[in-house]
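Here is how the chains run, residue by residue.
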Amino acid sequence: MAAERAERPVPFGRRVAVYGPSGSGKSTLARALGERLGLPVIELDAVYHARPGWQDLSREEFRAAVAALLEQHRGGWIFEGNYGLVRDLILPRAETVVWLDLPFPVVYGRLARRTVSRSFRGAELWNGNRETLRQTFLSRDSMLLWGLTAFRRSRRSIAASLETLRRPGTRLYRLRTPGQAAYVLRNAQLSGEPGSAG
C-alpha cells in the first residue's frame, strides 16, 4: 500500500475574508475556521438582513455597520459573504482570502437541498427572517432562481474584486473542490507573516 502524502500546515493571517456563491459552503467553512483559529466570525447576511420581514439595511447603514465591526474586531476576524457593497472595506484589510470556487453542479445541489429544507421547516435565518415555501417556489426572490442566474455573475465579480482590491502579498486560497476545502480546514493554522499562495 502506497504511503499517504504528508499534509502540510496551511497558514492563515488573523484577518480572513471568505467568498463564494450561495450554496458553496461559506458559512460552514467560516464557522469551522473560526473555531480552529480562535477568530470571531461575522456573517454578512446577518448584518445586512438586520430587521424582520426582510427589511434590509440601506447601503449607508450596511457600510457603517461593517466599518464598526472592523473597528470592534481589530485583533482579528473572519468575514463571510459576497456583498460587493463592502468589499472595498474588507479586502484591503484581509491577510488571507478563501475563495470557494466550486463547480456549479456541486454548488447548486447544495443550495437546492438547503433552500427546500429551510422552507419546509420554516427555519429562521437571520433576525426573524425565514425562507418560506411561497418564496422558494412562487417568487422572483426564490433562492433556487437566484442560484441559477447569479452563479457566473458572482464568480466574475469576485475575480474582479480580488484583482483590484486585494493587497499585494495577501494569501489567496482558491478552492475548486470540496476535498481542497476540507484539506485547508484540516490544516489551517495562524501564521505571523502574510505570504502568497495560489
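In this text the structure is predicted, and so the values were computed from the model without any measurement.

A. Region of the structure containing the overall build of the protein chain. If you tally the helices and strands in the protein chain, you get 8 helices and 9 strands. Burial analysis of the protein chain (198 residues in total) assigns 42% to the buried set. By sequence separation, contacts in the protein chain at least 24 residues apart represent 77% of the contacts at least 6 residues apart. When the accessible surface of the protein chain is summed, it comes to about 10,800 Å², and 52% of that surface belongs to carbon and sulfur atoms.

B. Quick peek at empty space enclosed by the protein. Within the structure shown, the criterion is met by 2 cavities of 30 Å³ or more. One number sums up the size of the largest cavity: a volume of about 40 Å³. Surrounding the largest cavity, Pro21, Trp99, Leu100, Asp101, Leu102, Phe151, Ser154 and Arg155 form its lining. Counting residues per element, the ones that place at least two in the lining of the largest cavity are β5 (96-100) and α7 (143-165). Sort the elements by how many residues they give to the lining of the largest cavity and α7 lands first, with 3 residues. Taken together, the residues of the lining of the largest cavity sort by class into 5 nonpolar, 1 polar and 2 charged. By volume, the second largest cavity is sized at about 30 Å³. Lining the second largest cavity, in full, are Ala17, Tyr19, Leu44, Phe79, Gly81, Asn82, Tyr83, Arg87 and Ile90. For the lining of the second largest cavity, the secondary-structure elements that each account for two or more residues are β2 (15-19) and α4 (87-90). Of the residues in the lining of the second largest cavity, the class split is 6 nonpolar, 2 polar and 1 charged.

C. View of the sheet that holds β2. Spatial strand order, β3-β4-β2-β5-β8: 5 strands in an open sheet with parallel pairing. Since the sheet does not close on itself, it has two edges, and those belong to β3 (41-43) and β8 (171-175), each with one partner. Ignoring which end each strand starts from, the neighbouring axes of this sheet average 15° apart. One ladder, built from 4 bridges, connects β2 with strand β4 (residues 77-80); its direction is parallel. Across the sheet, Val16 pairs through a bridge with Ile78, a residue of β4. Each of β2, β3, β4 and β5 is contacted by helix α1 (residues 26-37), which is oriented at about 175° to β4, the strand it contacts most.

D. Up close: a nonpolar patch on the surface. On the surface, a nonpolar cluster with roughly 250 Å² of combined accessible area is contributed by Phe104, Leu145 and Leu148. Mapped onto the elements, Phe104 comes out in helix α5 (residues 104-121). With a relative accessible area of 30%, Phe104 lands in the partly exposed category.

E. Representation of the nonpolar core in the model. Counting residues in hydrophobic clusters, the biggest one holds 24 residues, and the most contacted among them are Leu44, Phe62, Val66, Phe79, Val86, Ile90 and Val97. Per element, the largest residue contribution to this core is 4 residues, and it comes from helix α3 (residues 59-72). Setting aside residues no more than four positions away along its own chain, Val86 makes contact with Leu44, Phe62, Arg63 and Val66. If you look at the next biggest cluster of nonpolar residues, it comprises 17 residues, including Val10, Val98, Leu175 and Val184.

F. Local environment of the packing of α1 against helix α8 (residues 178-187). Two elements in contact, α1 and α8, have axes separated by 9 Å at closest approach and are oriented at 20°. The orientation of α1 relative to α8 falls into the category roughly parallel. Judged by the sense of rotation from one axis to the other, the crossing of α1 with α8 is right-handed. Counting all contacts with α1, which are made through Leu29, Ala32, Leu33 and Arg36, the residues of α8 involved are Ala181, Leu185, Arg186 and Asn187. Each residue belonging to the contact of α1 with α8 can be placed in one class, and the counts come to 5 nonpolar, 1 polar and 2 charged.

Rules behind the numbers
Residues numbered from 1 in each chain as written. Predicted model: local features only at pLDDT ≥ 70, side-chain atom pairs only at ≥ 80, totals over all residues. Heavy atoms only, no water. Helix = DSSP H or I, 4+ residues; strand = E, 2+ residues; numbered from the N terminus. Buried < 20%, exposed > 50% of the residue type's maximum accessible area, 1.4 Å probe, protein only. Contact = heavy atoms within 4.5 Å. Areas by Shrake-Rupley, 256 points an atom, 1.4 Å probe, with all protein chains shown as cover. 1 Å grid on protein atoms, 1.4 Å probe; cavity = no way out; pocket = protein on both sides within 12 Å on 5 of 7 lines; lining within 4 Å. Points joined across faces, edges and corners; volume = space filled by probe spheres on them. Nonpolar A, V, L, I, M, F, W, Y, C, P; charged D, E, K, R; others polar. Pairing = 2+ DSSP bridges. Axes fitted to C-alpha atoms, helices over the stretch in contact; angles between N-to-C directions. Patch = residues over 30% accessible without salt bridge, like charges linked within 9 Å, V, L, I, M, F, W, Y side chains within 5 Å. Salt bridge = Lys/Arg side-chain N within 4 Å of Asp/Glu carboxyl O. Core = buried A, V, L, I, M, F, W, Y, C linked by side-chain atoms within 4.5 Å. Parallel < 35°, antiparallel > 145°, perpendicular 65-115°, else oblique. Left-handed = near helix turned anticlockwise from the far one by under 90°.

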